[in-house]
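# Overview (structure and organization)
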Amino acid sequence: MAELIAVQGDITTQRVDAIVNAANTSLLGGGGVDGAIHRAAGPELLAECRKLGGCSTGDAKATPGFHLPVKWVFHAVGPVWQGGGRDEDDLLANCYKRCLELAKTHQVKTIAFPAISTGVYHFPPKRAAHIAIDTVREFVEKSGVEVVRFVCFNAETLAIYEQFLAEPPLKPVA
Ligand code: AR6
């Protein structure tokens with residue numbers, strides 16, 4: 001059984017095989033997690049991202065971690081919250097699913113996720129945490145990932161994740 005844990009901290013200092021970036025469709029950097037990851041990885045990351053030709057919302061693409069203490073960065077593009085009627089839930093879930101598929105491809109055993117879309121994209125944090133945890137629970141075993149770390153930037157987000165992780169899964173875990 002994979003271990004799912006929540007911690008408070010900065011995703012750029014996590015020592016895991018892969019960290020996930022909350023990117024935008026250009027994949028050319030931004031603020032928040034994206035800015036922090038690009039600063040810590042160095043300019044090689046932007047050069048590599050330029051080769052990827054952008055990324056659709058709900059999808060994710062992999063690059064090396066360069067100066068980060070990780071082998072991989074999975075750049076996921078979460079949806080901008082527009083009230084919930086624009087397929088935002090499914091697009092957010094797909095980010096987590098795609099990252100676990102990339103983890104399988106690259107034989108990643110430990111991965112850290114930020115709370116995708118809950119910053120400047122304004123996805124409601126509790127709703128986003130439920131989707132993150134449910135989706136990871138659904139796909140983690142087939143991905144081969146052994147440890148999933150949800151990295152929360154503040155104590156409020158950590159409290160939400162800790163509460164939801166303590167609840168039994170809605171769907172039985174395969
Ligand atoms: N480590 C972990 N979590 C962080 C960090 C960090 N270093 N910095 C911020 N957070 P956001 P989004 C939290 O805005 O909503 C960028 O400009 C933050 O508190 O980074 O998906 C991209 O280029 C929040 O809970 O991502 C896109 O244009 C969460 O990470 C856009 O923002 C996500 O906040 C993506 O917006």
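Residues numbered from 1 in each chain as written. Predicted model: local features only at pLDDT ≥ 70, side-chain atom pairs only at ≥ 80, totals over all residues. Heavy atoms only, no water.

### Looking at the overall build of the protein chain
Across its full length, the protein chain carries five helices and six strands. Seen in sequence order, the protein chain has helices and strands lined up from the N terminus as β-β-α-α-β-β-α-β-α-β-α. Seen through its C-alpha atoms, the protein chain measures out along the principal axes to roughly 40 × 35 × 30 Å. Across the 174 residues in the protein chain, those meeting the buried criterion constitute 47%. Counted over contacts in the protein chain with a minimum sequence separation of 6, partners at least 24 positions apart contribute 69%. (Helix = DSSP H or I, 4+ residues; strand = E, 2+ residues; numbered from the N terminus. Buried < 20%, exposed > 50% of the residue type's maximum accessible area, 1.4 Å probe, protein only. Contact = heavy atoms within 4.5 Å.)

### Details of the UniProt feature "domain: Macro" (unreviewed entry) in the protein chain
Per the UniProt record, "domain: Macro" (unreviewed entry) is found at residues 1–169. Taken end to end, residues 1–169 comprises 40% helix and 20% strand; its first and last C-alpha atoms sit 13 Å apart. (UniProt positions renumbered as here; feature names shortened; annotations may be inferred.)

### Quick look at the site of the ligand
Around the ligand, a shell composed of 21 residues is seen, among which Asn-24, Gly-31, Asp-34, Ser-117 and Thr-118 lie nearest. Between the ligand and the protein, one listed contact pairs an oxygen atom with a side-chain N or O atom of Thr-118 at 2.8 Å. One of the backbone N or O atoms of Tyr-121 is found 3.1 Å from an oxygen atom in the ligand. Here the ligand has 700 Å² of accessible area as a free molecule, and 88% of this is covered by the chains. Taken atom by atom, the bulk of the ligand overlaps the largest pocket. Of all elements in the fold, only β2 (18–23) and α1 (32–41) reach the threshold of two or more residues within the shell around the ligand. (Near = heavy atom within 4 Å. Polar contact = N/O pair within 3.5 Å; in protein donor to acceptor, adjacent residues only side chain to side chain. Areas by Shrake-Rupley, 256 points an atom, 1.4 Å probe, with all protein chains shown as cover. 1 Å grid on protein atoms, 1.4 Å probe; cavity = no way out; pocket = protein on both sides within 12 Å on 5 of 7 lines; lining within 4 Å. Sits in = over half its atoms within 2 Å of the grid points.)

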